[in-house]
Amino acid sequence: MKNYFTFFLCLIISSLSCQKHNQVKTDRNTDHDKKAVEVPVKNGITKAYFASGCFWCVEAIYESIPGVKDAISGYSGGHTKNPTYSSVVSGKTGHSETVEVLYNPMEVSYQTLLDIYFSSQNIEQINGQGPDVGSQYRSIIFYQNERQRKLIIDKIKKIEQSKKIKVAAEVIPFQKFWRAEDYHQNFEKRNPNNGYIRNVSIPRIKRFKLNFKIDEN
């Protein structure tokens, strides 16, 4: 009798989880049909927006690239205004931890930023990266214009055809970036002995540096 009770309890929990997952999928599609917002170039510096798991890791990876002037942790892709870390990690805002990359296109191209993006994560993992699981950690590439959208789609098609896999990253028009709280900025640099940084971020960064080669062509 106890085994039957456990079986039905698992079915109920599984059903509730599926309902929650479906709701997240609905929320995340909110801005897909909106027109992309293009951020103006300022003093020769262009901005690009990427999400792929914990922003501490993504920020540190992009800041290690020549031509990238800064990387800022924040939130994007959701349906709420003025998101905070506590609201985003709840998974109810639709936002994903996102990094704003400030770069000089004369030194590093958008195409190279895309190559870095796909070389620094598990491109098949849905709704998360590594131990970080949930819609707030899902992978998203935010495009600002048709040229960027085409580059992204072409890159994904090339990866899927060559590796015979399905890329998990969403491709959606950029709307707005919300800067994260100050204590999140440059977290990896300022907290080298943090347990998460030592056991998750640093190994991820090392794997990226070991495998990634910039294509000069």
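First, a word on what this report is: a plain description of the structure on this page.

The rules behind these values
Residues numbered from 1 in each chain as written. Predicted model: local features only at pLDDT ≥ 70, side-chain atom pairs only at ≥ 80, totals over all residues. Heavy atoms only, no water. Phe/Tyr/Trp six-rings, centres within 6.5 Å; stacked < 30°, edge-to-face > 60°. Helix = DSSP H or I, 4+ residues; strand = E, 2+ residues; numbered from the N terminus. Buried < 20%, exposed > 50% of the residue type's maximum accessible area, 1.4 Å probe, protein only. Lys NZ or Arg CZ within 6 Å of the ring centre and 35° of its normal. Core = buried A, V, L, I, M, F, W, Y, C linked by side-chain atoms within 4.5 Å. Contact = heavy atoms within 4.5 Å.

Considering the packing of aromatic side chains
Right, so step 1: According to the stated counting rule, one finds 11 aromatic pairs in the structure shown.
Right, so step 2: Geometrically, the ring pair formed by Tyr49 and Phe174 is stacked, given 4.1 Å between the ring centres and 10° between the ring planes. With a gap of 125 residues between them, Tyr49 in strand 1 (residues 46-51) and Phe174 in the loop between strand 7 (170-173) and strand 8 (178-179) connect regions that are remote in the sequence.
Right, so step 3: Their ring planes at 15° and their centres at 5.2 Å tell us that Phe50 and Tyr62 sit as a pair that is stacked. Of this pair, Phe50 sits in strand 1 while Tyr62 is found in helix 2 (residues 55-63), placing the two residues 12 residues apart along the sequence. Summarising the burial analysis for this pair, Phe50 and Tyr62 share the class buried.
Right, so step 4: In this structure, Lys176 packs its charged tip against the face of Trp178, placed 4.8 Å from the ring centre.

Things to note about the nonpolar core
Right, so step 1: In this structure, Phe50, Tyr62, Tyr110, Leu113 and Ile141 are the most contacted members of the largest nonpolar core, which totals 42 residues.
Right, so step 2: Elements supplying a minimum of two residues to this core: strand 1, helix 2, strand 2 (68-76), strand 3 (96-103), helix 4 (110-119), strand 6 (140-143), helix 5 (146-163) and helix 7 (195-211).
Right, so step 3: Of all the elements, helix 2 adds the most residues to this core, at seven residues.
Right, so step 4: Sequence-distant contacts of Ile141, defined by excluding residues within four places in its chain, comprise Tyr49, Phe50, Tyr110, Leu114, Tyr117, Phe118, Ile152, Ala169, Glu170, Val171 and Ile172.
Right, so step 5: Within the second largest apolar cluster, 10 residues are counted, among which are Val39, Ile72, Ile140 and Phe177.

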